[in-house]
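Observations on the model geometry
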Number of protein chains: 2
Amino acid sequence: MAKFTINKNMIQLGNVRSVIRETFEYGNKRAKEIGRENVFDFSLGNPSVPPPECVRDTMLNLLQNGDQMKLHSYTSAQGAEATREKIAQNINERYNAGIDKNDIYMTCGAAASLTISINALACAGDEFIVIAPFFPEYRVFVEAAGAKLAVVDADTENFQIDFEKLKNTLSAKTKAVIINTPNNPSGVVLSEDTIKKLCTILKEESKKRGEPIYLISDEPYRELVYDDNTVVPYITNYYDNTLVCYSYSKSLSLPGERIGYVAVCNKMENNRDVYAAVCGAGRALGFVCAPSMMQQVVIESLGKTSDLTIYKTNRDILYKSLTEYGYECVYPDGAFYLFVKSPESDANAFCNKAREFDLLLVPSDSFGCPGYVRIAYCVTTEMIKRSLPAFKKLAEYYGK
Amino acid sequence: MAKFTINKNMIQLGNVRSVIRETFEYGNKRAKEIGRENVFDFSLGNPSVPPPECVRDTMLNLLQNGDQMKLHSYTSAQGAEATREKIAQNINERYNAGIDKNDIYMTCGAAASLTISINALACAGDEFIVIAPFFPEYRVFVEAAGAKLAVVDADTENFQIDFEKLKNTLSAKTKAVIINTPNNPSGVVLSEDTIKKLCTILKEESKKRGEPIYLISDEPYRELVYDDNTVVPYITNYYDNTLVCYSYSKSLSLPGERIGYVAVCNKMENNRDVYAAVCGAGRALGFVCAPSMMQQVVIESLGKTSDLTIYKTNRDILYKSLTEYGYECVYPDGAFYLFVKSPESDANAFCNKAREFDLLLVPSDSFGCPGYVRIAYCVTTEMIKRSLPAFKKLAEYYGK
């Protein structure tokens, strides 16, 4: 009998269906039984508002008036110079960050930004630290790069960072800390105070070791904040050894088009080596260049976003109603997630109970912070309103 | 002093400029000195004919009449079902290959198809065999997956496969053989006879070992053949353990848009495991889904290509003229490359001499087959005609 010794990790990664995907598929099945309008699917983090008009206008203009060959040609591996230049300029105008066009490497979206950054840095035996709750794919990306994931348990008080736990997790093996703010799944923004404390600790630890600990800032939700006083600190202004991983998937509602970038902090001492390693990792992983037409679309959309007021409306209705019904909710500064404490300790059991009311929620276990559920409110406001009685009944079932 | 222990391989990959890129950049510099029309740059394999009209028409239609949110949404990780279904159907109509939609995994182009296939299969200690001359990035992709590249030296007689050398290179460590037909850089198509012999050897060796050797068929140039009697065999019809890596970069002149696929042969004994590993590798490397709009563009372009007659015209003029001038050229069945024997043993020296005539050619050393130059004839026919006197003078310099 034949042996089949292909990569077992990859088979497993391909076969294991995420609980998010499973919930979404259950929703599709259930919609066929009782009608789409009666299923309240809060499982997927997929933008629910169309791209801003400038996206379509730019594409139509390029197709009607542009050189059709040049439009779809390879750009240089790090991205078209004009694209990198304008993005750097826009970052500097907003954050005075001193980013140069040669610090920007255009990518096929946030996942690519992360795998490229991680593979650029990782050496055998390295650890990458994440702060719970965290996006589950971080584990996949870090382990595929031959490194180890180390988890700092959640600060369930404020969903900032438990610095004692962080200090205990830092070690001589730590290559980088990955942060994600606004956060998926909690919706929380790390405060300036938190960022300053984090950076102080990392600087001290780097100095002690005589080599830098890097900070990878995963920022696909940067633009998605809803209160005037919410500030999302620009990390390179606090810490030189920062790589910013950005994506236009959420801000421009273009998740399928795969466009984003890595920005390597200009003040990083070994900036040129790290940038070269980013280019090298992009090459080694099979990213030849970021999609060429989208590179032109994003520069015509700088400073613009989809209509984010819809997410704010959704957030406000949902947060107000759910807290009224007796649920314990983390206050969501941004992204499009509400993180709600499960009324029973087993969040999976709670999600199963919620399904009886056709509320499709995602248990928090895979985010490294059990006992909560994630509600993705990137849905229509009308569905949110229709779902409220179900949330109320569910609360009543739990004696709220 | 601080140590910087980031990934040295990645720094090197990012810093080392390929000879192709270096030649191209020399050309741009030289064009500023003597005028673009006086530089004969044959360095880059970048399509020189526009996409077929259906590409623009489809995009305009989608932008003017489609649901703008759905158009740019995530598809499932393996690609939209409709896209996979129609591609499978098209393959089966042309090659009767028995490919199912669930054997197709949409990718961000040929490089992604390759890194995903290699990472899906590779276990520690594995070897991947390539046949010289070969695309230099194969080495980068294989080594980044933690495996080793083993090279079968070129059959410089016919640029098919030297089977004695292949047999000597096969070992218990061989996980797969990578073939590329039509070939970059030789332009040669592997004949049906060659494919049959190759498959017989691989079947015998697989049987002896009790586990399969896989065949990875890298086919971005499949559509680019110019003689009526040239047949490019569809490999899954000869060998069950085949993964086909396809890209639309050349056939539709869309290299910047990053769209292609992996097709896992339906008759592969462990087809479901290999397909799962392909999905897993795509996930681990950071490919979330292939660009969504392009997934819709390619299904409206099935069976269509850019105007390839221009490449045929270029090939015919160049091959006829260069052989007349006394150059020894491999007969190029397809792709858009002419592989010419260097008149002196050192192809680098020959390329430097050619630069004196403003002919920019690429030496073959990095393709694993020293002593040749690659001429990429994806340029204007007019430039080819203007370059002929320079080629003639260069031949005369070498006493031809």
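Residues numbered from 1 in each chain as written. Chains lettered and ligands numbered in written order. Predicted model: local features only at pLDDT ≥ 70, side-chain atom pairs only at ≥ 80, totals over all residues. Heavy atoms only, no water.

Observations concerning the sheet that holds strand E3 (residues 127-131) of chain B
All names here are of chain B. Read across the sheet, seven strands follow the order E2-E8-E7-E6-E5-E3-E4 without closing on themselves; strand pairing throughout is mixed. Either end of the sheet is taken by a strand with one partner, and the two such strands are strand E2 (104-107) and strand E4 (148-152). Direction aside, the axes of adjacent strands within the sheet are offset by 20° on average. Here strand E7 (residues 242-247) pairs with strand E8 (residues 260-264) via five bridges, running antiparallel. Bridge pairing in E8 links Leu 243 to Val 264. Contacts from helix H5 (residues 81-95) reach E2 and E8, with the element oriented near 115° to E2. (Pairing = 2+ DSSP bridges. Helix = DSSP H or I, 4+ residues; strand = E, 2+ residues; numbered from the N terminus. Axes fitted to C-alpha atoms, helices over the stretch in contact; angles between N-to-C directions. Contact = heavy atoms within 4.5 Å.)

Considerations on the pairing of strand E12 (residues 372-376) of chain A
Residues and elements named next belong to chain A. Burial runs high along E12: five of the five residues are buried. By the alternation rule, side chains of E12 split into Tyr 372, Arg 374 and Ala 376 and Val 373 and Ile 375, which are all buried. Relative to E12, strand E9 (residues 337-341) runs antiparallel, the two sharing five bridges. By the bridge assignment, Phe 339 is partnered in E12 with Arg 374. Where strand E11 (residues 362-363) meets E12, two bridges bridge the pair, whose relative direction is antiparallel. Among the inter-strand pairings, Pro 363 is bridged to a residue of E12, identified as Val 373. (Buried < 20%, exposed > 50% of the residue type's maximum accessible area, 1.4 Å probe, protein only.)

Quick look at the packing of H5 of chain B against helix H11 (residues 292-299) of chain B
Geometry of a packed helix pair, given as the angle between the helix axes and the separation of the axes. All names here are of chain B. As a packed pair, H5 and H11 sit with axes 9 Å apart at the nearest point and diverge in direction by 30°. Between H5 and H11, the angle is such that the two are roughly parallel. Of the two elements, H5 crosses H11, and the hand of that crossing is left-handed. Residues Ala 82, Thr 83, Lys 86 and Ile 87 of H5 pack against Gln 295, Val 298 and Ile 299 of H11. Taken together, the residues that form the contact of H5 with H11 break down as four nonpolar, two polar and one charged. (Parallel < 35°, antiparallel > 145°, perpendicular 65-115°, else oblique. Left-handed = near helix turned anticlockwise from the far one by under 90°. Nonpolar A, V, L, I, M, F, W, Y, C, P; charged D, E, K, R; others polar.)

Focus: the environment of Ile 213 of chain A
Residue and element names in this part refer to chain A. Tracing the sequence through the fold places Ile 213 in the loop between helix H9 (192-209) and strand E6 (214-218). In the structure, Ile 213 is positioned 32 residues away from Thr 181 in sequence and 19 Å away in space, judged by C-alpha atoms. In contact with Ile 213, other than residues within four places in its own chain, are Leu 170, Thr 174, Lys 175, Ala 176, Val 177, Leu 202, Glu 205, Ser 206, Tyr 239 and Asn 241.

Digging into the pairing of E7 of chain B
Two faces make up the sheet, and in a regular strand the side chains alternate between them. All names here are of chain B. The buried count for E7 comes to six of six residues, which makes it a mostly enclosed element. Of the two faces of E7, both are covered, the one formed by Thr 242, Val 244 and Tyr 246 as well as the one formed by Leu 243, Cys 245 and Ser 247. Direction of pairing for strand E6 (residues 214-218) relative to E7: parallel, over a ladder of four bridges. Bridge assignment links Leu 215 to a residue of E7, and that residue is Thr 242.

Thoughts on the confidence of the model for chain A
Model confidence for chain A is summarised by a mean pLDDT of 95, while 99% of its residues fall at 70 or above. Taken together, the chains of this predicted complex give a pTM of 0.96 and an interface ipTM of 0.96. (pLDDT = per-residue confidence, 0-100.)

Here we look at the interface of chain B and chain A
Across the contact, 78 residues belong to chain B and 78 residues belong to chain A. Across the chain B/chain A interface, buried area totals approximately 6,400 Å², and carbon plus sulfur atoms make up 59% of it. The largest share of the area that chain B buries against chain A comes from Ile 6, Tyr 74 and Arg 283 of chain B, three residues that together contribute 11% of it. Scanning the region where chain B abuts chain A turns up two salt bridges. (Buried area = accessible area lost by both parts, 1.4 Å probe. Salt bridge = Lys/Arg side-chain N within 4 Å of Asp/Glu carboxyl O.)

Thoughts on the state of the cysteines
All names here are of chain B. Counted according to the given criterion, the structure contains zero disulfides over all chains. As a non-bridged cysteine, Cys 199 has Cys 265 as the owner of its nearest cysteine sulfur, 11 Å distant. By relative accessible area, Cys 199 is classed as buried at 2%. For Cys 265, a relative accessible area of 1% puts it in the buried group. (Disulfide = S-S within 2.5 Å.)

Brief notes about the side chain of Glu 219 of chain A
All names here are of chain A. Mapped onto the fold, Glu 219 is located in the loop between E6 and strand E7 (242-247). Separated by 2.6 Å, the side chains of Glu 219 and Arg 222 make a polar contact. Beyond its immediate stretch of four places on either side in the chain, Glu 219 contacts Tyr 234, Ile 235, Val 244, Cys 245 and Tyr 246. (Polar contact = N/O pair within 3.5 Å; in protein donor to acceptor, adjacent residues only side chain to side chain.)

Remarks on the packing of aromatic side chains
The description of two aromatic rings rests on the distance between their centres and on the angle between their planes. This model, assessed by the stated rule, comprises 37 aromatic pairs over all chains. Seen from their ring centres, Phe 134 of chain A and Tyr 138 of chain A are 6.5 Å apart, and the 10° between their planes marks the pair as stacked. For Tyr 138 of chain A, a relative accessible area of 1% puts it in the buried group. Judged by centre distance (5.0 Å) and plane angle (75°), the ring pair of Tyr 246 of chain B and Tyr 248 of chain B falls under edge-to-face. Among the residues examined, Tyr 246 of chain B registers a relative accessible area of 5% and is labelled buried. Here a set of aromatic residues connected by ring pairs shows up, and it is made of Tyr 221, Tyr 311, Phe 336 and Tyr 337 of chain A. Stacked on the ring of Tyr 95 of chain A, the Lys or Arg Arg 222 of chain A has its end atom at 4.8 Å from the ring centre. Above the ring of Tyr 26 of chain A, the side-chain terminus of Arg 355 of chain A is found at 4.2 Å from the ring centroid. (Phe/Tyr/Trp six-rings, centres within 6.5 Å; stacked < 30°, edge-to-face > 60°. Lys NZ or Arg CZ within 6 Å of the ring centre and 35° of its normal.)

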